[in-house]
Amino acid sequence: MPQLEVNDIHTSYGLSQVLFGITLDVEEGEIVSLVGRNGVGKTTTMRSIMGLTKPSQGSVKFEGKEIAGLAAHQISKLGIGFVPEERRIFPDLTVWENLDIARRPAPAGREAWDEERVYTLFPDLKEIPDRPGGVLSGGQQQMLTIARSLMGNPRLLLLDEPSEGLAPKVVENVRDQVKLLKESGLTIILAEQNLGFILYLSDKVHILEKGEVKWSGTGAALKADKSIVEQYLTV
Amino acid sequence: MLDLIREFSPGLAILLTNPQFAFIQLLNSISQGMNLFIIAAGLSLIFGVLKVINFAHGVFYMFGAYVVHTVFMDWGAPFWVGAIASALALGVIAAIIERTLFRQIYEAEHLMQLLLTFAIVLIMGDLAKVIWGTEQYSVSYPASLKGATDLGITFYPSYRLMLCIIGPLILIALYWFAERTRWGRMTKAATQDREMLAALGINVPLIYTSVFILGSALAGFGGALAAPFSSPVPGMDATLIVECFVIVIVGGLGSLWGTFVGALLYGLVFNFGSVIYPNGQDVFAYLLLLVVLLIRPWGLYGKPEAGGH
Ligand SMILES: Nc1ncnc2c1ncn2[C@@H]1O[C@H](COP(=O)(O)OP(=O)(O)O)[C@@H](O)[C@H]1O
Ligand SMILES: [Mg+2]
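Overview of the structure. Just so you know, these numbers come straight off a predicted model, no measurement behind them. (Residues numbered from 1 in each chain as written. Chains lettered and ligands numbered in written order. Predicted model: local features only at pLDDT ≥ 70, side-chain atom pairs only at ≥ 80, totals over all residues. Heavy atoms only, no water.)

The helix and strand inventory of chain A stands at 10 helices and 10 strands. Principal-axis analysis of the C-alpha atoms places the extent of chain A at approximately 45 × 35 × 35 Å. For chain A, buried positions account for 54% of its 235 residues. Once local pairs closer than 6 in sequence are excluded, the contacts in chain A between residues at least 24 apart make up 69%. When the accessible area of chain A is evaluated, it comes to approximately 9,800 Å², of which 50% is carbon and sulfur surface. Between the mean site of the 26 positive side-chain charges and the mean site of the 32 negative ones, chain A shows a separation of 2 Å. (Helix = DSSP H or I, 4+ residues; strand = E, 2+ residues; numbered from the N terminus. Buried < 20%, exposed > 50% of the residue type's maximum accessible area, 1.4 Å probe, protein only. Contact = heavy atoms within 4.5 Å. Areas by Shrake-Rupley, 256 points an atom, 1.4 Å probe, with all protein chains shown as cover. Lys, Arg positive; Asp, Glu negative; His and termini not counted. Charge placed at Lys NZ, Arg CZ, Asp CG, Glu CD.)

Right under this line is the structure:
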């Protein structure tokens, strides 16, 4: 059984419909990428899974349990973490406080995330625990927002455009850190536009356009077929 | 020179020549300011987190005064038991109101929120008349604080002295809660990005309910503390809510420290104003409001964008 089964979800913001029947399965331990240009519905797909924007139709099952319609905090508690595109660090809380408020015990049998382990993955944060979230650099914010989600010990992480707006060197850092997360057993859904990032990490790729999945395949298949990249990704 | 001053304001002349009198006025200002701070802090806290201006805060205060009368005067329990009962009673009422009514209006426009809280004022005002009638009650001072305390230069009523102490204690407690506890930090985060907080697994509606309970309990507690000199009576909420608004607007909506300073300023302006110019005590409070609004429209310690959605 897949860890996450998204089946034919339709989602709207008010009167404007954005998703027109997205279906995807995610196996435990995989990195599955949602790929496509700006505005195709990557973020909305994640928001629908997370319960932040509720799908008007369709089903979302996490570990066999229907979660569409639950409140976001309930979905989070079931084991799904969300790392938003805009990072959304709490500006008036310090780095450590941002981590601390997200703290939740790990499910039995898993190595728990706490500050120490988070600082091992993101050594930069260890230097600045008392700095207010509002004054961090883009790279520090990106690391903190991932670290913050990890403190809740999720089993599935929704990672929305982690490379956006970061310097190439920092992008490489983040990429390697995401790889380490996968190796620790975490399942990841990744929304990205950076092709290098996608190809380096993805087990499976779904290409979205206008709120629909237009192409699905393995990372290797995407790499092999230049025409797909040209059709759906280059501007 | 002094004659000239005496001509203009006899009260001011006494203030300048009689340090003991001036000192008593100062303590009056502080004790009144601190009583108001306890109540206004609740209003400000609720606005800071829920972004709702609760006009019903005044009737919560009035209920607090009535409850202490019932528990302390009618049932014969100790005064402090009555004051705690007031806080608890308003906490329960707040929980019910938040869960059933407020929850519907967080996303609504300000006018809707205003109408709802105003409806609560009318309903609870009438409810108070049904329960307690329309007579004015007198509430005694607690036995241990009936007398006056010798402060060296003057004696001063012990009860009012207690108010001067309990206000700063509540400031410290609220500050400690906001800055030093995980709950306080979650509350702060809820004012910044409630959706993100929910996505981190935190039950934001529960935070809202808790904050509303705490803020309203402060109104009830403040009402109980005021009861010995305010003497519970229908309509007592109307003046109080205006005073609270002046304080939180002067201090900056949502700022705890601002509310504290605003309450002190209000006490000073009100007491010294009525000594200097006995016919115009209200004018001075509005003047304070006007001056602050002209210089800093967002209040002394508020943030410029506070208050908007
Ligand atoms: N809060 C919103 N209200 C209305 N429309 C929105 C909102 N957020 C996104 N949209 C629209 O939904 C579409 C999909 O957006 P999004 O899911 O953010 O795409 P992506 O993440 O792939 O860039 C876009 O056309 C966007 O303009
Ligand atoms: Mg997006």
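As a further point, take the sheet that holds strand β4 (residues 57–62) of chain A. Residues and elements named next belong to chain A. Strand order in the open sheet formed by four strands is β2-β1-β4-β5, with antiparallel pairing between adjacent strands. The open sheet has two edge strands, β2 (16–26) and β5 (65–66), and neither has a second partner. Inspection of the sheet shows strand β1 (residues 4–13) paired to β4 by five bridges, in the antiparallel sense. Across the sheet, residue V6 finds its bridge partner in β4, namely V60. The strands touched by helix α1 (residues 42–50) are β1, β2 and β4; relative to β1, the strand with the most contacts, the crossing angle is about 110 degrees. (Pairing = 2+ DSSP bridges. Axes fitted to C-alpha atoms, helices over the stretch in contact; angles between N-to-C directions.)

Frequently, the measure chosen for interface size is the accessible area that the parts lose on association. Every contact between the two is made by 23 residues of chain A and, on the other side, 18 residues of chain B. For the pair chain A and chain B, the summed buried surface comes to about 1,900 Å²; carbon and sulfur atoms form 55% of the total. Applying the counting criterion to the chain A and chain B interface returns seven salt bridges. Here K303 of chain B ties to D92 of chain A by a salt bridge, and the two come within 3.3 Å at their closest N and O atoms. Scanning the region where chain A abuts chain B turns up 13 residue pairs in polar contact (both at pLDDT 80 or more). Of all elements in the fold, only α1, α2 (72–78), α3 (95–101) and α6 (138–150) of chain A reach the threshold of two or more residues within the side of chain A that touches chain B. Per-class residue counts for the side of chain A that touches chain B are 11 nonpolar, three polar and nine charged. (Buried area = accessible area lost by both parts, 1.4 Å probe. Salt bridge = Lys/Arg side-chain N within 4 Å of Asp/Glu carboxyl O. Polar contact = N/O pair within 3.5 Å; in protein donor to acceptor, adjacent residues only side chain to side chain. Nonpolar A, V, L, I, M, F, W, Y, C, P; charged D, E, K, R; others polar.)

A few words on the packing of helix α4 (residues 57–74) of chain B against helix α6 (residues 110–132) of chain B. Residue and element names in this part refer to chain B. Contact geometry of α4 with α6 gives a least axis separation of 10 Å together with a crossing angle of 15 degrees. By the angle between their axes, α4 is roughly parallel relative to α6. Regarding α4 and α6, the two cross each other, and that crossing is left-handed. Touching V59, F60, M62, F63, Y66, V67 and T70 of α4 are V121, M124, G125, L127, A128 and W132, all from α6. The residue makeup of the contact of α4 with α6, split by class, is 11 nonpolar, two polar and no charged. (Parallel < 35°, antiparallel > 145°, perpendicular 65-115°, else oblique. Left-handed = near helix turned anticlockwise from the far one by under 90°.)

Let us look at the site of ligand 1. All names here are of chain A. Taken together, Y13, V18, R37, N38, G39, V40, G41, K42, T43 and T44 make up the full set of residues adjacent to ligand 1. Between K42 and ligand 1, the recorded distance is 2.9 Å, taken from a backbone N or O atom to an oxygen atom. A distance of 2.7 Å separates an oxygen atom of ligand 1 from a polar atom in the side chain of T43. Contact with the protein chains removes 58% of the 560 Å² of surface that ligand 1 exposes when unbound. Considered class by class, the residues forming the shell around ligand 1 number three nonpolar, five polar and two charged. (Near = heavy atom within 4 Å.)

This part is about the layout of surface pockets. Residues and elements named next belong to chain B. Estimated volume of the second largest pocket: approximately 500 Å³. Elements represented by at least two residues in the lining of the second largest pocket include exactly α3 (19–50), α10 (204–230), α11 (236–251), α12 (256–276) and α13 (281–295). Of the residues in the lining of the second largest pocket, the class split is 13 nonpolar, eight polar and three charged. (1 Å grid on protein atoms, 1.4 Å probe; cavity = no way out; pocket = protein on both sides within 12 Å on 5 of 7 lines; lining within 4 Å. Points joined across faces, edges and corners; volume = space filled by probe spheres on them.)

Looking now at the state of the cysteines. All names here are of chain B. Counted by the stated rule, this structure contains zero disulfides over all chains. Cysteine C164 is unpaired, with the sulfur of C244 as its nearest cysteine sulfur at 18 Å. According to the relative accessible area criterion, C244 is buried, its value standing at 0%. (Disulfide = S-S within 2.5 Å.)

Let us now look at the sheet that holds strand β10 (residues 212–218) of chain A. By definition, the strands of a sheet pair up through backbone hydrogen bonds, in either a parallel or an antiparallel sense. Residue and element names in this part refer to chain A. Spatially, β6-β7-β8-β3-β9-β10 is the arrangement adopted by the six strands of the open sheet, whose pairing is mixed. Of all the strands in the sheet, the pair left with one neighbour each is β6 (80–83) and β10. Going across the sheet, the axis of each strand differs from the next one's by a mean of 15 degrees, ignoring polarity. Relative to strand β7 (residues 156–160), β6 runs parallel, the two being bridged by four bridges. Pairing of F82 across the sheet is with L158, part of β7.

On to a nonpolar patch on the surface, then. All names here are of chain B. Together, V283, L287, L290, V291, L294 and I295 make up an exposed nonpolar region whose accessible area comes to about 620 Å². Along the polypeptide, I295 turns up in helix α13. Overall, I295 belongs to the exposed group, its relative accessible area being 63%. (Patch = residues over 30% accessible without salt bridge, like charges linked within 9 Å, V, L, I, M, F, W, Y side chains within 5 Å.)

A few words now on the coordination of the magnesium ion (ligand 2). Around the magnesium ion (ligand 2), the protein contributes the donor atoms T43 of chain A (OG1) and E85 of chain A (OE), at 2.0 to 2.4 Å from the metal centre. With a gap of 42 residues between them, T43 of chain A in helix α1 and E85 of chain A in the loop between β6 and α3 connect regions that are remote in the sequence. (Donors = N, O, S within 2.8 Å, 3.2 Å for Na, K, Ca; no water.)

All right, on to helix α8 (residues 182–192) of chain B then. All buried positions along α8 of chain B are accounted for by G184, R185, M186, T187, A189 and A190 of chain B. On its buried side, α8 of chain B packs onto α3 of chain A together with α3, α7 (158–180), α9 (194–199) and α10 of chain B.

Right, let's talk about unusual backbone geometry for a bit. Of note in the backbone geometry, R88 of chain A takes a positive phi value of approximately 50 degrees without being a glycine. Position of R88 of chain A relative to the elements: it lies in the loop between β6 and α3. Not every positive phi belongs to a glycine, and S231 of chain B is a case in point at roughly 50 degrees. With respect to the helices and strands, S231 of chain B occurs in the loop between α10 and α11.

Throughout the structure, instances matching the rule amount to 17 aromatic pairs over all chains. Both rings, one in F37 of chain B and one in F260 of chain B, keep their centres 5.1 Å apart while their planes meet at 85 degrees; by these two values the pair is edge-to-face. With F37 of chain B in helix α3 and F260 of chain B in helix α12, the pair connects residues that are 223 residues apart, well separated along the chain. F37 of chain B gets classed as buried once you look at its relative accessible area, which sits at 0%. Overall, the relative accessible area of 10% leaves F260 of chain B in the buried class. The rings of F72, F79, W80, Y141, Y159 and F229 of chain B are connected pair by pair, giving a single aromatic cluster. Positioned over the ring face of W113 of chain A is R117 of chain A, at 3.8 Å from the centre of the ring. One residue, K179 of chain A, lies across the ring of Y200 of chain A, its end atom 5.2 Å from the ring centre. (Phe/Tyr/Trp six-rings, centres within 6.5 Å; stacked < 30°, edge-to-face > 60°. Lys NZ or Arg CZ within 6 Å of the ring centre and 35° of its normal.)

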